[in-house]
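A structural walkthrough
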Amino acid sequence: MQINSQEVTQAPGNNTVFQTWLLSGDENACKKGFERLCALVVNLNKTAKVRFGAEANVNCVIAVGRDAWLKLGLPQPLPKELVNFKAIKGDKHEAVSTAGDIHVHIRALDAADCFDMAQNVKAELFKFAKLADETQGFKYHDGRAIIGFVDGTENPNGEDRDHFAKVGDEDAKFKGGSYVFVQKYKHKMREWNATSVSEQEKVIGRTKADDIEMSEDEKPSNSHSAAANVGDDKKVVRGNMPFVEGSVTGTYFIAYASTFSTVEAMLNKMFIGEPRGNSDRLLDFSMPITGALFFAPTFDMLSSYSAE
């Protein structure tokens, strides 16, 4: 039987809206509201393909946190690795943990389409949840982060994207679903811009202009490309986007993964270091201000929830 997954492996797109919501109604109201939300999201994704075509990359992915999963009465046992994310604290840096019950990720080439879909989703969610965070992302040049380096170079390609982003037979009940981990990073742009390009390249482990990875002899062990790598058999699909909010400039990190343990291994290596203390040097310039884990069910699951 073909599994109809949400659009977790799509390209980041030109425009995005990320939303984190906290359930606020009583249990019955939240369950009824979530049923309506599931029906809406299934419908929005179907009509987007008809209205805009696949090339417009207009889609919406919703995911649910552990506590919300239980409150909403979703199927148990839970996805095997769906937990409340616990902060990871190293000697210098901390991957903070923040609350989140429902996460929404909307993508579109056209900002207007992104805005319209976000308004539709918000109108439904406001009936049973509070908006904890809304971040609007945008494509910067040729897929670069605001700090000027290409983002997502190590993303899997082709069929590997499904393999690394979606749950497989190891958790058959939730096959085709995806773990969704998000962090909102605030950049210290003054300090970063005051750092020479050659030194920035050592921080990242790649050349700035051409995005060429340094050789193992050249690359510092605490560079970002080294610290975020936990092996070719442990990857995630990133949909990161730059954002600007007043004087705050940053990156919204979002990883779709077949296992949360892969993401956790990355975070441990980045924030604690291997060996301990050899943490990701990029964290000297980029600080996470949120951190939460969710699970994105398949469209088939969303359809079944909306019909119950």
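Fair warning: this is a prediction, and the values are worked out from it, not measured in the lab.

To continue, consider the overall build of the chain. The number of helices and strands found in the chain is nine helices and twelve strands. Taken over C-alpha atoms, the radius of gyration comes to 19 Å for the chain, in line with the 19 Å a tight globule of 308 residues would show. Along the three orthogonal principal directions, the C-alpha set of the chain runs to about 55 × 40 × 35 Å. For the chain, contacts bridging at least 24 residues in sequence account for 79% of all contacts bridging at least 6. Carbon together with sulfur atoms contributes 49% to the accessible area of the chain, which is approximately 13900 Å² in total.

Quick look at the pairing of strand E2 (residues 59-64) now. Buried residues dominate E2, accounting for six of its six residues. Where burial is concerned, the two faces of E2 agree: the one with Asn59, Val61 and Ala63 and the one with Cys60, Ile62 and Val64 are both buried. Where E2 meets strand E5 (residues 102-108), six bridges bridge the pair, whose relative direction is antiparallel. The residue of E5 that forms the bridge with Val64 is Ile102.

This part is about the environment of Lys127. One can find Lys127 in the loop between helix H3 (111-125) and strand E6 (129-138). Among the residues examined, Lys127 registers a relative accessible area of 54% and is labelled exposed. In this structure, the C-alpha to C-alpha distance between Lys127 and Glu35, residues 92 residues apart in sequence, is 12 Å.

For the structure on display, the rule yields 20 salt bridges. The partner of Asp284 in a salt bridge is Lys92, with the nearest N and O atoms 3.1 Å apart. Linking Asp284 in the loop between helix H8 (260-271) and strand E11 (286-288) with Lys92 in the loop between strand E3 (88-89) and strand E4 (94-95), this pair joins segments that are 192 residues apart in sequence. The class for Asp284 is partly exposed, based on a relative accessible area of 26%. With relative accessibility at 56%, the residue Lys92 sits in the exposed group. Measuring nitrogen to oxygen at the nearest pair gives 2.9 Å for the salt bridge that ties Lys184 to Asp133. With Lys184 in strand E7 (residues 178-187) and Asp133 in strand E6, this residue pair connects regions lying 51 residues apart in the sequence. The burial state of Lys184 is the same as that of Asp133; both residues are buried. One network of salt bridges, in which partners are shared, links Glu154, Arg206, Asp211, Glu213, Glu216, Lys219 and Lys235.

Tracing the sequence through the fold places Ser304 in helix H9 (residues 299-307). Distance from Ser304 to Cys38, taken between C-alpha atoms, is 8.8 Å for residues 266 residues apart in sequence. In this structure the side chain of Ser304 is engaged in a polar contact, spanning 2.6 Å, whose partner is the backbone oxygen of Met301.

On to the packing of aromatic side chains, then. For the structure on display, the rule yields 13 aromatic pairs. Both rings, one in Trp69 and one in Phe295, keep their centres 6.0 Å apart while their planes meet at 80°; by these two values the pair is edge-to-face. Separated by 226 residues along the polypeptide, Trp69 in helix H2 (residues 66-71) and Phe295 in strand E12 (residues 292-296) bring together distant segments of the chain. Of the two residues examined, Trp69 and Phe295, each falls in the buried class. Aromatic side chains Phe181 and Phe260 sit 6.0 Å apart centroid to centroid with 45° between the ring planes, which places their arrangement in the tilted category. With Phe181 in strand E7 and Phe260 in helix H8, this residue pair connects regions lying 79 residues apart in the sequence. Here the two residues Phe181 and Phe260 agree in accessibility, since each one is buried. Clustering of aromatic rings is evident, with ring pairs tying together Trp69, Phe174, Tyr179 and Phe295.

Turning our attention to the packing of helix H1 (residues 27-52) against H3. Two numbers describe how H1 lies on H3: the axes approach to 10 Å, and their chain directions differ by 165°. By the criterion of interaxial angle, the relationship of H1 to H3 is roughly antiparallel. Classified by chirality, the crossing of H3 by H1 is right-handed. Here H1 contributes Arg36, Leu37, Leu40, Leu44, Ala48 and Phe52 to the contact with H3, which in turn contributes Asp113, Met117, Asn120, Val121, Glu124 and Leu125. Tallied by class, residues from the contact of H1 with H3 come to eight nonpolar, one polar and three charged.

This brings us to the side chain of Thr195. Relative to the helices and strands, Thr195 is located in the loop between helix H5 (189-193) and helix H6 (197-204). A relative accessible area of 15% places Thr195 in the buried class. Contact partners of Thr195, with chain neighbours within four places excluded, come to Gln200 and Phe285.

The rules we used
- Residues numbered from 1 in each chain as written.
- Predicted model: local features only at pLDDT ≥ 70, side-chain atom pairs only at ≥ 80, totals over all residues.
- Heavy atoms only, no water.
- Helix = DSSP H or I, 4+ residues; strand = E, 2+ residues; numbered from the N terminus.
- Rg over C-alpha atoms; globule rule 2.2 N^0.38 Å.
- Contact = heavy atoms within 4.5 Å.
- Areas by Shrake-Rupley, 256 points an atom, 1.4 Å probe, with all protein chains shown as cover.
- Buried < 20%, exposed > 50% of the residue type's maximum accessible area, 1.4 Å probe, protein only.
- Pairing = 2+ DSSP bridges.
- Salt bridge = Lys/Arg side-chain N within 4 Å of Asp/Glu carboxyl O.
- Polar contact = N/O pair within 3.5 Å; in protein donor to acceptor, adjacent residues only side chain to side chain.
- Phe/Tyr/Trp six-rings, centres within 6.5 Å; stacked < 30°, edge-to-face > 60°.
- Axes fitted to C-alpha atoms, helices over the stretch in contact; angles between N-to-C directions.
- Parallel < 35°, antiparallel > 145°, perpendicular 65-115°, else oblique.
- Left-handed = near helix turned anticlockwise from the far one by under 90°.
- Nonpolar A, V, L, I, M, F, W, Y, C, P; charged D, E, K, R; others polar.

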